[in-house]
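# Residue-level structural notes
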Amino acid sequence: AGNPAMRPFTIVIPPPNVTGSLHMGHALDNLLQDILTRWKRMSGYDTLWLPGTDHAGIATQMVVEASLAKEGKSRHDLGRERFLQRVWEWKERYGRTIIKQLQHLGASCDWSRERFTMDDGCSRAVREAFVRLYEKGLIYRGDYIINWCPRCDTALSDLEVEHREVEGHLWHIRYPARETAGSRRDEASGGAAGEGQRGPAGDGVDAGDGVVIATTRPETMLGDTAVAVHPDDPRYRHLVGRKLRLPLMGRELPVVADEAIDPSFGTGALKVTPAHDPVDFEIGRRHGIPALKVIGTDGRMMPEAGAYSGLDRYECREMVAADLEREGLLIKVESHTHAVGHCQRCGTVIEPLLSRQWFVRMQPLADPAIKVVRDGRVRFIPDRFARIYLNWLENIRDWCISRQLWWGHRIPAWYCRDCGEIVVARDDPDRCPSCSGSLEQDPDVLDTWFSSALWPFSTLGWPEQTPDLAHFFPTTVLVTGYDIIFFWVARMIFTSLEFTGEVPFHEVFIHGLVRDEKGRKMSKSKGIGLDPLEVIEEFGADTLRFSLVTGNTPGNDLRYYRAKVEGARNFANKIWNASRFVLMNLEEESPDREEVIAGLHGALELSDRWILSRYARVAAEVDGALAAYDLGGASRTLYDFIWSEFCDWYIELVKPRLYGENQVSKRSARAVLCFVLEGTLRLLHPFMPFLTEEIRQRLPRDGDYIVTAPWPAAEVAGMGLLDPEVETRMNILIESIRGIRNVRSEMHVPPGRKTPVIIRSLTAEAEDLLREGKIFIERLALAEPVQILPGLVDKPEGAATVIVPGAEVFVSLSGLIDLRLEMGRLEKELAEAREELQRARRKLVNPGFLEKAPEEVVQEERRKEITWGQKADSLQARIADLRG
């Protein structure tokens, strides 16, 4: 149970499918949650990161059915009970694969609380939710158009359908208006083509009469029961109320006027097939048009399709088109690109079908969910995703929640075999309450998202009022990708408001997708996927973690580069080597923290006070970045501080003291090294937990493990370590050394040659500082001799100039390089830089290039213009220096 005396911080894991294995999206999503959880745990919160998995109805059933198929069996051969037993066996054997992989990544969940959407507690919550909604009239059973997957053999919600642009055709078909003797005979025989023929002979049909219909699915015309036109369309106004003949079938079709028709699409006349199209279904309801199903759940034509019965829907399409052409009723066929719905799971083209299903009435649930986001009770980060969320809820349709599967939460509805009453109950009923007749339970199961919508509170014990629910709910933040805002985020919000009266979380932190180097969505099936475990095996978990978070910005997609992983590995090596250096130079006892703060009795030098101030500032910046969900910014701040300021500068600055004879100075250097390293490890721990824990165990320390050590930000804030003046002074020294190094590099001074340096100090403060730091300039910049002269000192001939605050640094090159050859080299480079600069500028002033070139190409030329311009300016300055 939680600690009521502590402030809670709660995250529920977006439950991965029990069939799943770790991919880069999982790695990123769980890494972000882990960073936040470790940060809050160290900050003194009672943290709960609750793990678990989703039963994944369709995906899991498909896996087990595929296994059965290898044995030459189907689920129907086993029967429902034995099949479900087989699924549970599969789940027990393979269902924790992804959990183990997340542990390998370093996810610090409370694994003792692991949940599963079909465990006893979650299942009880699902049934309670269903019954409550049913009792309020928010769940109902009805006949509506649903999305049907012929391969998965189940209904799908709108969100489980992916609409892809496909190259198809638009068939223009004439529906004749005049009756013929042949068509009247067909009407007398039932309005459909007789067995053995695919339509009326067509003798006497006036090809100039009737209406031309444009359709992308000619096979569905066999189920047409009307033709609709817009009431204001002058082309067809005279036909409203009249009847047309359905080609190939012979039925009479009334012409109705409906404002849903788009006069600009196709011919402006719409064939109405109420049983196979959602728009047509609504038109049919408004005008009392009957619905005729001609395509079955297996994607084959039904007996109502007449002579086409039994054909696959695509075979039927070809045959219908051929028969229409033979009858002279196919006017033309055009190429047509349009969006076609595909099953998200298996990729099969979905079939809109009229079907009796269970639905959730969404509008009463959506309105409160809209309000809490508008009122700020739930905040999206970045806030642009709130607009996407609101737009979906404001245009929401009722949710089809029944699935024709065996694996899942079975719908708690029973039908009386005697009186037909529907019984919905929390506990399985024995007999019909009205007539005591026998009952049969609905065979369908609930949409997987119905159970996961309850995840933030069902996992904490709801519908029971448990101590966990009281302490940890509402949860603090949800971390998830933008691709499931509709699937999951919205559903959690409206179910939580309905059942608990509370929002499920206060903030929604949205991250992007992980893409490959070319910006493509990773896919193992397409050969552009990458297994995170392989990266961990080669580089280590911390390296993968740091490479994923670096450069990450909320809501934006992230590109995976191997070079980033290699850079993160180099960073880890840098930390390890620096830590080994510190450990080799430490004494056995831990440096006294209070002594460090007190300046070791005044023994702290400028570099000590500088690194302590920088550490304090970095601790505050990292804490602020994490609070703003800028995890990428926090990692970048740590990277720059550790690599550059601590390793490259402070360690190098204190080496002479560590190897010197001054015991007081040596002790202060050791103490500050240990103090800053240990605190920095704590700052870095949420990002690189394995490395930081390993190093900290080797340091003199208070406490056992870094994972529960205090977060440094608040601790450091009260120590008074921040000293902006020291930072400013040290920056002058660092810039002087860096400037001399740059001159040596650019002028190709041999690495072993010392460079004479004259520094003209412009202020007394700068002079004092540079004299204090002279030893560092000599050692770190390979400068000798170093003269610090106040006032107006003339610049030496053949010297390069470095400008720093309060001083000018003259780097003498005479005798170190051949000035004539160096001038020639620099002038050649300057000419090349100017040529490249002009080439970029010519493109950028060319209207044709700006209009036709892709945006990324234009941006690259703008980058070149800046880069080559800066290089030309630098080269020009160096040439001027050498000329004196």
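Everything below is about the structure shown above.
Quick summary incoming for the structure in this document. (Residues numbered from 1 in each chain as written. Predicted model: local features only at pLDDT ≥ 70, side-chain atom pairs only at ≥ 80, totals over all residues. Heavy atoms only, no water.)

Turning our attention to the overall build of the protein. Across its full length, the protein holds 31 helices and 29 strands. Along the first, second and third principal axes, the C-alpha set of the protein runs to 115 × 70 × 55 Å. Within the protein, the fraction of its 884 residues that count as buried is 54%. Counting only contacts in the protein whose residues sit at least 6 apart along the sequence, the fraction spanning at least 24 positions is 78%. Across the protein, the 113 positively charged side chains and the 131 negatively charged ones have centroids separated by 2 Å. (Helix = DSSP H or I, 4+ residues; strand = E, 2+ residues; numbered from the N terminus. Buried < 20%, exposed > 50% of the residue type's maximum accessible area, 1.4 Å probe, protein only. Contact = heavy atoms within 4.5 Å. Lys, Arg positive; Asp, Glu negative; His and termini not counted. Charge placed at Lys NZ, Arg CZ, Asp CG, Glu CD.)

Glycine aside, negative phi is the norm for most residues, and most peptide bonds take the trans geometry. Residue Pro 382 is bonded to the preceding Ile 381 through a cis peptide linkage, with omega at -5°. With respect to the helices and strands, the residue Pro 382 is situated in the loop between β15 (379–381) and α11 (384–394). Positioned with a positive phi, Asp 153 is a non-glycine residue whose angle comes to about 60°. Locating Asp 153 in the fold gives a position in the loop between β5 (139–149) and β6 (154–156). Classification of Asp 153 as partly exposed rests on a relative accessible area of 29%.

Let's shift gears to the sheet that holds strand β26 (residues 755–761). The strand order across the open sheet built from four strands is β27-β26-β29-β28, with neighbouring strands paired in mixed fashion. Looking at strand neighbours, the two that pair on one side only are β27 (783–790) and β28 (799–804), the edges of this open sheet. Each neighbouring strand pair of the sheet contributes to a mean axis angle of 20°, computed without reference to strand direction. Note: β28 against strand β29 (residues 807–812), six bridges, orientation antiparallel. Considered in β29, the bridge of Thr 801 is made with Phe 810. (Pairing = 2+ DSSP bridges. Axes fitted to C-alpha atoms, helices over the stretch in contact; angles between N-to-C directions.)

Further remarks concern the packing of aromatic side chains. A complete count under the given rule lists 27 aromatic pairs for this structure. Judged by centre distance (5.1 Å) and plane angle (75°), the rings of Trp 88 and Trp 407 are edge-to-face. Taken together, the residues Trp 88 in helix α4 (residues 80–94) and Trp 407 in the loop between β17 (402–403) and β18 (413–416) connect sequence positions 319 residues apart. We classify Trp 88 as partly exposed; its relative accessible area is 32%. (Phe/Tyr/Trp six-rings, centres within 6.5 Å; stacked < 30°, edge-to-face > 60°.)

Each regular strand carries side chains that alternate between the two faces of the sheet. Across 13 bridges, the pairing between strand β7 (residues 161–175) and strand β13 (residues 330–343) is antiparallel. Paired with Gly 168 across the strands is His 336, a residue of β13. Pairing between β7 and strand β8 (residues 211–215): five bridges, direction antiparallel. Looking at the pairing, His 172 lines up with Ala 214 of β8.

Here we take up the packing of helix α18 (residues 562–584) against helix α24 (residues 689–696). Two elements in contact, α18 and α24, have axes separated by 11 Å at closest approach and are oriented at 5°. Taken together, α18 and α24 sit at an angle that is classed as roughly parallel. Together, Ala 572, Ile 575, Trp 576 and Ser 579 of α18 and Leu 691, Glu 694 and Ile 695 of α24 make up the contact between the two elements. Residues that form the contact of α18 with α24 fall into these classes: five nonpolar, one polar and one charged. (Parallel < 35°, antiparallel > 145°, perpendicular 65-115°, else oblique. Nonpolar A, V, L, I, M, F, W, Y, C, P; charged D, E, K, R; others polar.)

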